[in-house]
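The lines below spell out each chain.
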Amino acid sequence: MRLKEALLRGQGREEFDELDSFLLGTVGGLAPGFPAAGPDALYERAEHRRVAHLLHSRTGREASGGIEVNRRFSRVMFDHNLRTWEEIAGAFADAGIRVAGVKGLFLGALLRRTADQARVTTDLDLLVDGRSLDAAMEVLASLGFVSGLDIKDHAFLRMSSRAIRELEAQQGSYGQVAPMARLLKLQEMDPVAEEIGRWLPGRKLVRTSAGVRSLSVVDLHFDMGHRDASGARHAIPAGELLDSAVTVRHGGTDVRTLDHATMTWLLCYRAYCDIALFGERRLKLFADITDLIRRGGWPSGAVEAAVARYPFIARPIEETLRFLREECAVDPGAWRNPGSRRDSVVRRDPAPPPATPATPAAGRGTVLVCHGWGSEPGSSPWVGRLSGQLARRGMAVVELAPFAAAGDVPDLSEVAETLRERVEAARKDTGGAPVGLIGVSLGSAAALAAVAGGAAVDFLVTVGTVASADVGVTADGGPRELLARYGGGAGDDERVPFLTGQVRLGFLRDLVACAGGTDLSAVTSPVLVLSGGTDNEWRLRDAATVAAHAEARGDGSARRDFPAGNHTLDNAAVGTASAVLSWLTALGVLG
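None of the values given here were measured: they were computed from a predicted structure.

K.L.:
If you had to explain the packing of aromatic side chains to someone new, which residues and values would you point to?
P.N.:
Taken as a whole and judged by the stated rule, the model has 6 aromatic pairs. Ring centres of Y310 and F312 lie 6.3 Å apart, and the angle between their planes is 55°; this geometry places the pair in the tilted category. Aromatic side chains F459 and W583 sit 6.4 Å apart centroid to centroid with 85° between the ring planes, which places their arrangement in the edge-to-face category. A residue pair is termed long-range when its members are at least 10 positions apart, and F459 in strand β14 (residues 459-463) and W583 in helix α20 (residues 573-587) qualify at 124 residues. The exposure classification of F459 matches that of W583, with both residues buried. By way of ring pairs, the aromatic residues W265, Y269, Y310 and F312 are connected into one cluster.

Structure (structure tokens):
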């Protein structure tokens, strides 16, 4: 079946009507009269066809409440996808895995689309070499993504199981896919939660008592291609496509994607396969291809080379071009010489150099890690990973575990003073090189108190942040409740149950006074606050409080949340280490 017949008159499908014709004209850059059906009906069809972003600039009588909700969602997901890509790209780089993206965010980067111009998607489509697939899935798992249907929240299992099951079995125009997903909190969409059901009905979004939730999905494409009617398999290994990767600066972030020529012929091939072979009406693909051709020209030489290598893409590309000419008034021949306009924003990735062991520069800097309750040096996977990475950059990591021996732990104020002294000593030893503190769980309370008390650090990282005595809240209550229950006239040496052991009442009294009394305004060093989405509400509250104080200074302080991460982020080792390393690099601490 020809592409035109499949799209316009495909059997067994809804009619291609006036609204579809209007949208197709919009894809081609035409300006037909406004359809009689009205703006709401137009928006609903555009959302159904996944081209609502083409209407974002419409105002006045052509406006729709749906357009505004969609535009808002577009901005939210634009920022979210950039942050997710940064997280994934850093983790893959640390693991030595090549990766690039297609469609969505990555196409938008090539086309310089703003948040308002971007197509809404909660998915990131990534290319990885098939030989790296298992390792890539392990990296994503460390960032809180789970594979296939192994999604713990039953509401989201019901919401998305069909889509993910289809992805697992898919052998369509994008070949074989390994999907992974994690929970996505969309607090920014909460104010329009009542409108989501009407205006975004086809999106994987649900309303819960905690707000709007969705799934953030990463599709790892390792084998592009399709199966024909006879069952013969035509493949384009993703590893070969990665050879044409480029890096584009987009939204302040380096985004790695395919070069303009490769993206153009690949989407032309995909448009034919999706529509003529698999029966999907994908107007969005024509919008994307049209943008690529208009902004970058028709890459005739690259297409000829691709066809020579993958002969099965010849007819799909020819059919797609015919349709663009006949139905969208887009003539690729009119844009054969795009010039060098995009060269200023796109740089081709060099071949990765062979790995060579780095030699640490003596006296470069020191990081003191203060572990939390029951933890020992070497017990944290992400701290171990970070130590190795920092050592290659010439920075020494020293782990302290003052709260490891349950029952015989020093008071929090004593630990804070010890940290302050260790920072002062490190300053002298390193001769002015950077000195930083990392506090984990109860160790973060000590680190915050130390910095507020004068420890002169260049940076502070808190994980499982504790800025109040509520670190010990359990079914038996927190430190305040324990003091009320057991304190009375008892002395400081009286022992009471606390977390996994017993402590002196004096420890609890000091914890309440020290952790709750830290003056966050006295913490003036840049702070990175890392938290796991499965942590309890008190520690997430403390993380938000510390982050708000720090970010208000505009000194590079930041907060990163790992939605599936636990309290100490030991189940997100790769991503946590990568987040700290990226932040220190951005601060200029690592040169």
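K.L.:
Lay out the pattern of salt bridges with the relevant residues and their values.
P.N.:
Throughout the structure, instances matching the rule amount to 19 salt bridges. Note that R560 is salt-bridged to E87, the shortest N-O span being 4.0 Å. With a gap of 473 residues between them, R560 in strand β18 (residues 558-562) and E87 in helix α4 (residues 65-95) connect regions that are remote in the sequence. On the basis of relative accessible area, R560 is assigned to the partly exposed category, the value being 23%. As a salt-bridge pair, D535 and R539 come within 2.7 Å of each other at their nearest N and O atoms. A relative accessible area of 8% means that D535 is categorised as buried. Judged by its relative accessible area of 14%, R539 is buried. Several salt bridges share partner residues, and in doing so they unite R315, E318, E319 and R322 into one network.

K.L.:
Lay out the environment of G556 in plain terms, naming residues and giving numbers.
P.N.:
For G556, the location among the structural elements is in the loop between α19 (537-551) and β18. Residues within four places of G556 in sequence aside, it is in contact with W583 and L587.

K.L.:
How would you summarise the nonpolar core if you had to cite specific residues and measurements?
P.N.:
Formed by 124 residues in total, the largest nonpolar core has its most connected members in M189, I236, W265 and W382. With 12 residues, α4 is the single largest residue contributor to this core. Apart from the residues within four sequence positions on either side, W265 is in contact with I236, L241, A302, V303, A306, Y310, I313 and I317. Membership of the second largest hydrophobic core comes to 46 residues, among which are L400, V435, L442 and A445.

Rules of the game
- Residues numbered from 1 in each chain as written.
- Predicted model: local features only at pLDDT ≥ 70, side-chain atom pairs only at ≥ 80, totals over all residues.
- Heavy atoms only, no water.
- Phe/Tyr/Trp six-rings, centres within 6.5 Å; stacked < 30°, edge-to-face > 60°.
- Helix = DSSP H or I, 4+ residues; strand = E, 2+ residues; numbered from the N terminus.
- Buried < 20%, exposed > 50% of the residue type's maximum accessible area, 1.4 Å probe, protein only.
- Salt bridge = Lys/Arg side-chain N within 4 Å of Asp/Glu carboxyl O.
- Contact = heavy atoms within 4.5 Å.
- Core = buried A, V, L, I, M, F, W, Y, C linked by side-chain atoms within 4.5 Å.

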